[in-house]
Each structure stands twice: as structure tokens, then as C-alpha cells.
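Single-letter residue listing:
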There are 2 protein chains.
Amino acid sequence: MITTVFFDLDDTLYDTTRLASLARRAAVHSMISKGLPLELEEGCSKLMKIIREKGSNFSNHFDILAEEVLGRKDFKIVSAGIIGYHNSKFANIMPYDDTISTLIALKRMGLSLNIISNGRAVKQWEKVLRLGLEAFFDNVVISEEVGAEKPERRIYEIAMERAHCNPDDALFVDNDIDCIIGANEVGMRTVLMNRSRKESRTDVSDFHIKALSELPALIEKL
Amino acid sequence: MITTVFFDLDDTLYDTTRLASLARRAAVHSMISKGLPLELEEGCSKLMKIIREKGSNFSNHFDILAEEVLGRKDFKIVSAGIIGYHNSKFANIMPYDDTISTLIALKRMGLSLNIISNGRAVKQWEKVLRLGLEAFFDNVVISEEVGAEKPERRIYEIAMERAHCNPDDALFVDNDIDCIIGANEVGMRTVLMNRSRKESRTDVSDFHIKALSELPALIEKL
């Protein structure tokens, strides 16, 4: 019987992809408004190119964009980008429409709810707190804190230890195929969430859903 | 004749000291609300003690506070502190009551207005932009960008070059005695601003004022 559910955070409980895309657009808009001579669409595609080249965790995307366009450093314009980016993120971070109602339904079923997330501990906690989700979760396990990241065995094992459960009692929900495979390997049952219209693989997880709202009925049947 | 005025930023055009104090209080409040077992006043004095010991530019004050009180790392509580701190800063940053009206009056007198500030370029620009002040200033000279900081001669000289003025045409306004002395040494006329009720030295600057609103009349007389 399932007693314990483990959720991924980014793109599982809220729409990181949309949030980042809105924030980047807001950043470019703000940079243009302070003098970067570009059209919005052009600026957004230049920025995306820089992000693809440098990786999304690199912290100087705006510096490079300003320097590429102006041929010199411009701290005012970089600063405008950062302000636009952060204002947008703080204003727009929110759970998926069905996240809260699903979590409430699962709590009513008496389940223990937990998060297993890859990332920097303070950053991931900031998201949990800004999303207003922390009261739903018994444990939040973040890779930086435990020194192992999905799909490494150790992070799933630590999460199960903290939740006092066995793989037989555990269900793991994630949108990422590699992380699902890691959870399979420690013996958890797995649910791949795929909100996109594109088909994704159905052979790696025990179950697959299009939205979190399908979870309560799925768990009832187990 | 004075044609060009150079202003310090922090604690000259807006109240940094008050802003930081509000933000630290908001941070402690937020950490307590997420489980740090302290009274607000006690938490604020513990935090101030850490800031005095580590310096205000150290970035892990909240980590140390949480660890001191709990005897272990707690990323949730650190993250709550950071959220409280930033929310408070963004919500409360504003110019002094008389900053905008004074800047308008000086612009109407045909003066060139400029900033000379010590700090990180992007951080200082963020303040200028969030304060809504950038349109008043012809040049914003920040120590990190020019590789020299007040009271070194070089930063005043660079600022005067950029503003195309001589020391005879320049007036420098700051709340910091050392920075005033530096400006004296390059031949600028100087105004020490002291908003506090405490007396400060009156022997280092050419003029001293209690509020920015005294500036237009003072410059008229020169």
C-alpha cells in the first residue's frame, strides 16, 4: 500500500519553464527601456542564444547581452535586466492550477508528502516558501544539502529514511525521465508527469499522468 | 561659479541606514515565523552582533544566526530570512522626502548633476534605478567600474573629466567626512550633510547642511 509520496519540485509542482521565460522577457524589456537598442523579440532570441551557450546556471547572461549589443560594458543596463528578472519572478511564481487541490486531496487520504529536488538548498527552499507549499510536506530533501542528486541512489534512500518508509510504500512523481529511472532502481513505484502535448516515453515509469489532479484516483486504485 | 554638483548616493540621496534596519528586522521576523525560536528583539540584536563581527558585506549572516540558535544548519529558515530581507528592501527603498524636489530645483537652475558612489557597479545602479533617480543625473561614477574609491583622488578626477568641469565649478555633497576630505584635496568645494541630531565636525567641509532642501539656496549664494 502506498503511504508516502515523493514529488519533484521544478516543473512538477509549478511551471519553472514558463516562469523563467516570463522573467527573461521582463529582463529584456527592462534593458530596452533603459537604452539597449533592440526590439523585444530580437533581444529575447539573443538572450536565449547566450543561455544555451553558457548554460542556465551561469550568472552573467545580461552582461554578455549588453556587451554584445553595445560593444562595451553597461552596468545600468545590466542592473535594469536584473531588476526586471527578479520583479517578474517574485510576482509570477505560483503553483500549477491543480497543485494545491491535489495536495489537499492526498493529505485527506492520510498520505505523507515529501519533496526530492536537485539544486541549491536555499534557492529550492525559497521556491517552496514563495509558492506557499511548505506546510504540505513532511520532508524537503535537496541535493546540495545531502550531497547526492537525482538520479543517484543515495538521494532517494535518504529521502525514504527521513520519511520512515520502504520502497514498497513509496510513490515517486517527476517530469524528468532520468530521475524516474533512478527511482525505479531503488524500488519505488514511479509516475511520470508530462503536461506537454508532445508524447513522451511510457515505458520507463509504472504510471504516467498529464496533470497532478490525476494522482488521487491513481493512488486509490493501488 | 558652480555649474556641476556631485552627490554621494547611500545616506545622502536616500536613507540606507533605515532601509537596512527595516530589512534586517523583516528578515528576523520571517525566520521566526518559519520556526526560529526567538523573540523579535532578541533575534535582531543577535543578528546585529553577527553583522558587527563579520562586517556588513559578508553574505552569510542568516546562516550563522540560524546555526547559533538551532545548533545545526537550517536552509528553510535561512531562505525565509533572505525572502523577508529582499521583500522589505524592494518595498521600502525610497528617496529622502526632499530628494526629488531638491533635484528638480537644481535642474531648474541649469546645473549638471552627477553621482560618485563607492560600491559594486550593478548594486549601486540597482539602487539608482529602483529609486527612480537616473533621469536626473548626467553621470553615475561607481568605484568598482573606475577602479578607485572615495577618498582616492582618482575617482573625483574621473568624475570631473566625465562631467567636463574643473574643481572651481564643482560642488561635492556627502554625509561621510573622509569622502569630503578627499574632495577638498582635489579642489572641489564641499558640503557635508548631517541629518542626525548629533553634532558633527564643521571644520572639514566648506559648508554643512542638515537636509538636501538647503542646497538650492546655498548654491544661489555662491
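(A) Spotlight on the overall build of chain A. Secondary structure assignment for chain A yields 10 helices and 6 strands. Referenced to the eigenvectors of the C-alpha coordinate spread, the extents of chain A come out at roughly 60 × 35 × 30 Å. Burial statistics for chain A: of 222 residues in total, 50% are counted as buried. Excluding contacts between residues fewer than 6 apart, the proportion of contacts in chain A whose partners are at least 24 apart in sequence is 60%. Split by element, the accessible area of chain A, about 10,700 Å² in all, is 48% carbon and sulfur. When the 29 positive and 34 negative side-chain charges of chain A are each reduced to one mean point, those points stand 6 Å apart.

(B) A look at the interface of chain B and chain A. Counting residues at the interface gives 19 residues for chain B, matched by 19 residues for chain A. Here chain B and chain A share an interface that buries about 1,800 Å² over both sides, 75% of which is from carbon and sulfur atoms. The interface formed by chain B and chain A holds 2 salt bridges in total. In this structure, the salt-bridge partner of Glu134(A) is Lys34(B), at a minimum N-O distance of 2.6 Å.

(C) Main features of the sheet that holds strand 4 (residues 170-174) of chain B. Residues and elements named next belong to chain B. Pairing in this open sheet of 6 strands is parallel, and the strands run 3-2-1-4-5-6 from one edge to the other. Whereas interior strands pair on both sides, the edge strands pair on one side only; in this sheet they are strand 3 (139-142) and strand 6 (207-209). For this sheet, the mean inter-axis angle between neighbouring strands, taken without regard to orientation, is 20 degrees. Sitting on the sheet, helix 8 (residues 153-162) is in contact with strand 1 (4-7), strand 2 (112-117), strand 3 and strand 4, with an inclination near 160 degrees to strand 3. Each of strand 4 and strand 5 (189-193) is contacted by helix 9 (residues 177-185), which is oriented at about 170 degrees to strand 5, the strand it contacts most.

(D) A look at the sheet that holds strand 2 (residues 112-117) of chain A. All names here are of chain A. One open sheet accounts for 6 strands, arranged 3-2-1-4-5-6; its pairing is parallel. Sheet topology places strand 3 (139-142) and strand 6 (207-209) at the edges, where each strand pairs with a single neighbour. Sheet twist, expressed as the average angle between the axes of neighbouring strands with direction ignored, equals 20 degrees. Strands strand 2 and strand 3 of the sheet are contacted by helix 6 (residues 121-130), whose axis makes an angle of about 145 degrees with strand 3. Sheet strands in contact with helix 8 (residues 153-162) are strand 1 (4-7), strand 2, strand 3 and strand 4 (170-174), and its direction is about 160 degrees off that of strand 3.

(E) Region of interest: the domain arrangement of chain A. Here chain A is partitioned into domain 1 (4-14 + 95-221) and domain 2 (17-92). Its C-alpha centre places domain 1 of chain A at a distance of 31 Å from the equivalent point of domain 2 of chain A.

(F) Broad picture of helix 5 (residues 99-108) of chain A. All names here are of chain A. Among all positions of helix 5, only Thr99, Thr102, Leu103 and Leu106 are buried. All buried residues of helix 5 fall inside an arc of 100 degrees around its axis, so they share one side. On its buried face, helix 5 is in contact with strand 1, strand 2 and helix 10 (215-221). Note on helix 5: the residue one or two positions beyond its end, glycine 110, has a positive phi of about 80 degrees.

(G) Structural view of the pairing of strand 5 (residues 189-193) of chain A. Residues and elements named next belong to chain A. Judged by how many residues are buried, strand 5 sits mostly within the fold: 4 of 5 residues are covered. Of the strand pairs in this sheet, strand 4 and strand 5 are connected by 4 bridges, and their pairing is parallel. Residue pairing for strand 5: valine 173 is matched across the bridge by valine 191. Handedness of the crossover joining strand 4 and strand 5 through helix 9 (residues 177-185) is recorded here as right-handed. Judged from the 3 bridges that link them, strand 5 and strand 6 form a sheet pairing that is parallel. For methionine 193, the partnering residue across the bridge sits in strand 6 and is isoleucine 209.

(H) Representation of the relation of the copies chain B and chain A within the structure. Take chain B, turn it by 180 degrees, move it 0.0 Å along the axis, and it overlays chain A with an RMSD of 0.0 Å. With respect to symmetry, the two chain copies, as superposed, fit the operation of a two-fold axis. Taken together, the interface assignments show that 100% of the residues at the interface of chain B recur at the interface of chain A, consistent with an identical surface on both copies.

(I) Focus on unusual backbone geometry. Residue and element names in this part refer to chain A. Cis rather than trans, the peptide bond between lysine 150 and proline 151 has omega equal to 5 degrees. With respect to the element layout, proline 151 can be found in the loop between helix 7 (143-146) and helix 8. Although it is not a glycine, aspartate 11 sits at a positive phi angle of roughly 65 degrees. Tracing the backbone shows aspartate 11 in the loop between strand 1 and helix 1 (16-33). A positive phi angle is found at histidine 164, which is not glycine, with a value near 50 degrees.

(J) Seen up close, helix 1 of chain A. Residues and elements named next belong to chain A. End to end, helix 1 covers 25 Å across 18 residues, agreeing with the expected 26 Å (1.5 Å per residue, within 8%). Those residues of helix 1 lying buried are Thr16, Leu19, Ala20, Ala23, Arg24, Ala27, Val28, Ser30 and Met31. Viewed along the axis of helix 1, the buried residues span an arc of 165 degrees, placing them on a single side of the element. Each element contacted by the buried residues of helix 1 is listed here: helix 2 (40-54), helix 3 (61-70) and helix 4 (75-92). In the segment just after helix 1, glycine 35 is the residue with positive phi, at about 120 degrees.

Each value, and the rule that gives it
- Residues numbered from 1 in each chain as written.
- Chains lettered and ligands numbered in written order.
- Predicted model: local features only at pLDDT ≥ 70, side-chain atom pairs only at ≥ 80, totals over all residues.
- Heavy atoms only, no water.
- Helix = DSSP H or I, 4+ residues; strand = E, 2+ residues; numbered from the N terminus.
- Buried < 20%, exposed > 50% of the residue type's maximum accessible area, 1.4 Å probe, protein only.
- Contact = heavy atoms within 4.5 Å.
- Areas by Shrake-Rupley, 256 points an atom, 1.4 Å probe, with all protein chains shown as cover.
- Lys, Arg positive; Asp, Glu negative; His and termini not counted.
- Charge placed at Lys NZ, Arg CZ, Asp CG, Glu CD.
- Buried area = accessible area lost by both parts, 1.4 Å probe.
- Salt bridge = Lys/Arg side-chain N within 4 Å of Asp/Glu carboxyl O.
- Pairing = 2+ DSSP bridges.
- Axes fitted to C-alpha atoms, helices over the stretch in contact; angles between N-to-C directions.
- Domains from an automatic or database assignment.
- Arc of directions from axis to C-beta.
- Right-handed = clockwise from strand over helix to strand, strands pointing away.
- Least-squares fit on C-alpha atoms with pLDDT ≥ 70 in both.
- Expected span 1.5 Å × (residues − 1).

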